[in-house]
Amino acid sequence: MKRTISFAAGILVLALVFSAWAEARRPQPMPLTPTLTGETEYCLTCHADLEEISPSHPVETYGCVVCHGGERLALDADLAHSTMRGGKNPSDLAVVEESCGGSDCHSGQAADERDHIQRVLTSVQATYAGAIANIRYTFGAQPDLNAYLGTRAVQDTTTQTGITSLAAFDPARETNPALQTFAENCLECHLNSEPRPGDEYARFSGCAACHTPTATTFPPRSRDAAEGLVHTLTTAIPYTQCNTCHNRGNYDLRTMTFAPRDDQPADRIHDYYQPIAQFTRCEWTLDCIDCHTRSESMGDGDIHNNQKEIQYVQCRTCHGTLDELPHTRTLTDPNDLAFRLAALNQGARHLELGDTIIVTETGEPLWNTRQLPDGTFELVGKATRQYFTFRPVMGTACEQKPDEQESRYCHQCHSAER
Amino acid sequence: MNEKDVTRRDFLKLITNGLLTLSGLLGLGGIFRFLTYQTDPSPPTEFDLGPTTNYPDGSRTVLPRVPAVLLHTKDGYSALSLVCTHLGCTVNEDDSDGYVCPCHTSRFSANGSVVRGPADRPLRALRVEEHDDGRLWLYTA
C-alpha cells in the first residue's frame with residue numbers, strides 16, 4: 001500500500017514539475033482589448049511585429065479576431081489558429097461575410113455605398129459568367145450568350161439587369177469534354193479561385209486579390225508577398241496587381257488550355273501589353289484604377305452577362321467629345337461619396353467643398369480628378385501620387401466623327417508607337 | 001541513533017513522506033494560485049484631471065488617455081468622448097473646430113453632432129465633476 005502511495009506521489013510531483021516547466025516556457029501574454037469588441041485577445045503575443053493592415057483598421061480598435069477569427073485567448077499556435085476563417089485570408093469569398101461583413105462594415109446598405117460584399121459576390125470578377133457563357137455557347141451547351149452559370153450560385157433579388165440568379169457551373173454535368181477541360185484549365189482568374197502557381201500570378205482570393213498587393217513581377221516586390229506574408233489592405237492598387245490575372249497570356253480554344261506568355265514583362269509599353277492591341281499614353285502611364293471605377297471592378301450589385309456590360313469608362317469619360325465636355329460635379333455636399341473615397345486613399349487627393357471633379361455617365365465620382373481654373377483638368381495617380389494635367393477634346397483640332405466616339409476610334413490616332 | 005540504525009524501511013518511509021509533503025505543497029500552491037489569479041484589469045472609468053486651474057475659461061483640452069476632449073465654457077465644464085460612434089476609432093481634431101475619424105472619415109461638429117457619416121450618432125457626452133479639493137474628475141461609465 002505504501003509503495004503505491006509513494007509511486008502515486010512521485011507521479012504527482014513529476015506532473016506538477018512538468019506543468020511548471022511548460023508554463024515557464026509559455027510566452028508572457030500580451031493582452032489587447034479592442035475598442036470594437038471589448039474582449040481581450042492574446043494574438044499580439046506572437047504577432048506584435050506585424051504591420052498595421054490599414055489606417056482604416058487600427059489594431060487597437062479592431063484587434064485581430066473580429067476579422068480573422070481564431071481562439072483569442074490561446075497561447076498555443078495550433079490551437080490559436082485552429083478556428084481562423086479562410087486561413088491567412090479572411091477575405092476569401094467563402095467566409096467574407098463573416099469576416100468583413102456587418103451593416104457597419106462592408107455589408108451595409110446600397111444607399112450608403114456600403115454594400116461592398118453583395119456587389120462583389122455578384123460581380124463578373126467573381127462569377128466569371130461571361131467566360132463561362134461564351135465557352136458554353138461556343139460548344140453548343142447553351143442557346144445564346146446570356147449568363148446562366150457562375151463559378152458559384154448567386155442571387156440578385158433587386159436586379160436591374162433582369163438576371164435574378166446564376167446557378168453554379170458544374171463541369172460534371174457538361175457532356176462536351178471541351179467544357180470539362182475548360183473547367184480544369186481556365187478557371188483560375190476569378191475572385192473565387194486560387195491563382196496559378198508562379199510569382200507572376202501571386203495573389204490572394206476574395207477582396208485581397210486586389211486590395212492586398214502581392215504582385216512580384218513588375219516592379220519586383222518582396223518575397224514575403226509571394227509567400228502570402230503581406231499584411232496590407234489598400235485602395236491604392238497598382239496595375240501590377242491587376243496583371244496577376246490580366247495580361248498574362250491567352251487561352252487557346254483549340255486545346256482549351258491557357259498559354260502563358262513566355263517573356264518576362266519589363267518595359268510597360270513595349271513588352272507588357274498584348275502585341276496586337278493599341279494603347280494610348282493614359283493606358284500605359286496610369287494605373288487601371290485611375291480611370292476604371294469601383295462599380296466596374298467590384299460590381300454594381302447586379303448580375304451581368306459579361307465584362308463588357310459592366311465596364312463602361314472610355315476616353316470620353318474624362319476627355320469629353322468635340323461636342324460635349326466631360327460630366328462634372330461641383331462638390332457642395334460634405335457627405336458626397338467623393339470625399340469618403342478620397343479620404344480612404346490617404347494622401348492622394350485632398351478634396352474641398354467647391355472643388356469640381358469629373359463624374360462618369362452614371363454619376364460615379366472620379367475623385368482623383370479636379371477641374372483647374374483654366375478649364376483643364378488634373379488627375380492624380382491613386383497608387384503613384386503622380387499628377388497629370390489634361391484638356392477636353394472640345395475646342396481642339398481633333399477630327400473625331402460624331403458617330404465614332406468609342407475609345408477604339410481614339411486609339412486610331414493616339415495609340416503609342418511600339 | 002547512529003548511521004547503522006537507518007534501515008531501508010526508514011529510508012523509504014522518509015522518501016514517501018517527503019514526496020507526499022512536496023506534492024501536497026505543490027498542489028496547495030496551485031490552488032492558491034488559482035484562487036488569487038488576477039484577471040487583466042478593466043479599463044479605468046474615472047480620471048483625475050488635476051486642478052481646475054489647468055483648464056482656463058475658453059480652453060479646449062484633448063485628453064488622449066481617456067480619450068476625450070474637455071471644454072471649459074462660460075456654462076462650465078463639459079467633455080466629449082473622442083471614440084467614434086461608428087466602429088470605435090479615436091477621432092482627431094480637424095481644422096474647423098470639429099472632429100474627423102481617421103478610419104472611415106466620419107465628421108463631427110465641435111459639439112459632437114454628426115456632420116458626415118458613416119457614424120450616425122453624436123460623440124458621447126461625458127460627465128465632469130469639480131470636487132471640493134479643486135480637482136476635476138471625468139467619468140466615462
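Given the structure is predicted, the values throughout are model-derived calculations rather than measurements. (Residues numbered from 1 in each chain as written. Chains lettered and ligands numbered in written order. Predicted model: local features only at pLDDT ≥ 70, side-chain atom pairs only at ≥ 80, totals over all residues. Heavy atoms only, no water.)

Looking only at helices and strands, one finds 21 helices and 11 strands in chain A. If you line up chain A on its principal axes, its C-alpha atoms span 110 × 60 × 45 Å. Within chain A, the fraction of its 418 residues that count as buried is 44%. Considering only contacts in chain A between residues 6 or more positions apart, those separated by 24 or more positions represent 55%. When the accessible surface of chain A is summed, it comes to about 22100 Å², and 54% of that surface belongs to carbon and sulfur atoms. For chain A, the separation between the mean place of its 34 positive charges and that of its 55 negative charges on side chains is 5 Å. (Helix = DSSP H or I, 4+ residues; strand = E, 2+ residues; numbered from the N terminus. Buried < 20%, exposed > 50% of the residue type's maximum accessible area, 1.4 Å probe, protein only. Contact = heavy atoms within 4.5 Å. Areas by Shrake-Rupley, 256 points an atom, 1.4 Å probe, with all protein chains shown as cover. Lys, Arg positive; Asp, Glu negative; His and termini not counted. Charge placed at Lys NZ, Arg CZ, Asp CG, Glu CD.)

So, about the state of the cysteines. Across all of its chains, the model carries one disulfide over all chains by this definition. Bridging B:C89 to B:C103, the disulfide has an S-S length of 2.1 Å. With the S-S bond torsion at -95°, the cross-link from B:C89 to B:C103 turns out left-handed. Note that B:C89 is positioned in the loop between β4 (76-81) and β5 (92-93) and B:C103 in the loop between β6 (99-100) and β7 (107-108), a separation of 14 residues in sequence. The same class applies to B:C89 as to B:C103, namely buried. Just so you know, A:C100 is unpaired, no disulfide at all, and the nearest cysteine sulfur is the one on A:C207, 4.9 Å from it. This cysteine, A:C398, is not joined by any disulfide, and A:C413 carries the nearest cysteine sulfur, 7.1 Å off. Relative accessible area serves as the criterion here: at 28%, A:C398 is assigned to the partly exposed category. (Disulfide = S-S within 2.5 Å.)

This brings us to the domain arrangement of chain A. For chain A, the assigned domains are domain 1 (27-110), domain 2 (112-260) and domain 3 (312-414). Here domain 1 of chain A and domain 3 of chain A have C-alpha centroids that lie 38 Å from each other. (Domains from an automatic or database assignment.)

In this section: the pattern of salt bridges. On inspection of all chains with the given rule, the structure shows 18 salt bridges over all chains. The residue A:R408 makes a salt bridge to A:E406 at a minimum N-O spacing of 3.0 Å. By relative accessible area, A:R408 is classed as partly exposed at 49%. Note that B:R135 and B:D48 form a salt bridge whose closest N and O atoms lie 3.0 Å from each other. (Salt bridge = Lys/Arg side-chain N within 4 Å of Asp/Glu carboxyl O.)

Let us look at the interface of chain A and chain B. Facing 29 residues of chain A, the contacting portion of chain B comprises 23 residues. When the two sides are added together, the surface that chain A and chain B hide from each other amounts to roughly 2100 Å², 60% of it contributed by carbon and sulfur. Scanning the region where chain A abuts chain B turns up zero salt bridges. Elements with a minimum of two residues in the side of chain A that touches chain B: α1 (2-25), α3 (59-62) and α20 (337-344) of chain A. It is α1(A) that provides the largest number of residues to the side of chain A that touches chain B, a total of nine residues. Broken down by class, the residue content of the side of chain A that touches chain B amounts to 16 nonpolar, eight polar and five charged. (Buried area = accessible area lost by both parts, 1.4 Å probe. Nonpolar A, V, L, I, M, F, W, Y, C, P; charged D, E, K, R; others polar.)

Glancing now at the sheet that holds strand β9 (residues 369-371) of chain A. All names here are of chain A. Taken in spatial order, the three strands line up as β9-β10-β11 in an open sheet, and their pairing is antiparallel. Both outer strands of the open sheet, β9 and β11 (387-390), are each paired with one neighbouring strand and no more. In this sheet, adjacent strand axes meet at a mean angle of 25° when their direction is disregarded. Note that β9 and strand β10 (residues 377-380) share three bridges and pair antiparallel. Along β10, the bridge assignment pairs R370 with E378. (Pairing = 2+ DSSP bridges. Axes fitted to C-alpha atoms, helices over the stretch in contact; angles between N-to-C directions.)

Burial within α20(A) is extensive, with six of its eight residues counted as buried. All buried positions along α20(A) are accounted for by A:L337, A:A338, A:F339, A:R340, A:L341 and A:A342. In this structure, the buried residues of α20(A) make contact with α17 (294-298), β7 (356-359) and β8 (365-366) of chain A together with β8 (114-116) of chain B. The backbone nitrogen of A:A338 has a side-chain oxygen 2.9 Å away, supplied by the residue at the start of α20(A), namely A:D336. (Polar contact = N/O pair within 3.5 Å; in protein donor to acceptor, adjacent residues only side chain to side chain.)

Residue and element names in this part refer to chain B. With six bridges joining them, strand β3 (residues 68-73) and β4 adopt antiparallel strand pairing. In the strand pairing of β4, H72 is matched with Y77. The antiparallel pairing of β3 with β4 creates a hairpin that spans two residues between the two strands. Of the pairings in the sheet, the one linking β4 to strand β9 (residues 125-130) comprises two bridges and is antiparallel in character. Considered in β9, the bridge of A79 is made with L126.

All names here are of chain A. Residue placement: L121 occurs in helix α7 (residues 116-122). Taking the C-alpha atoms as reference, L121 lies 9.2 Å from N192; in sequence the two are 71 residues apart. Setting aside residues up to four positions removed in sequence, L121 forms contacts with L93, A126, T127 and V154.

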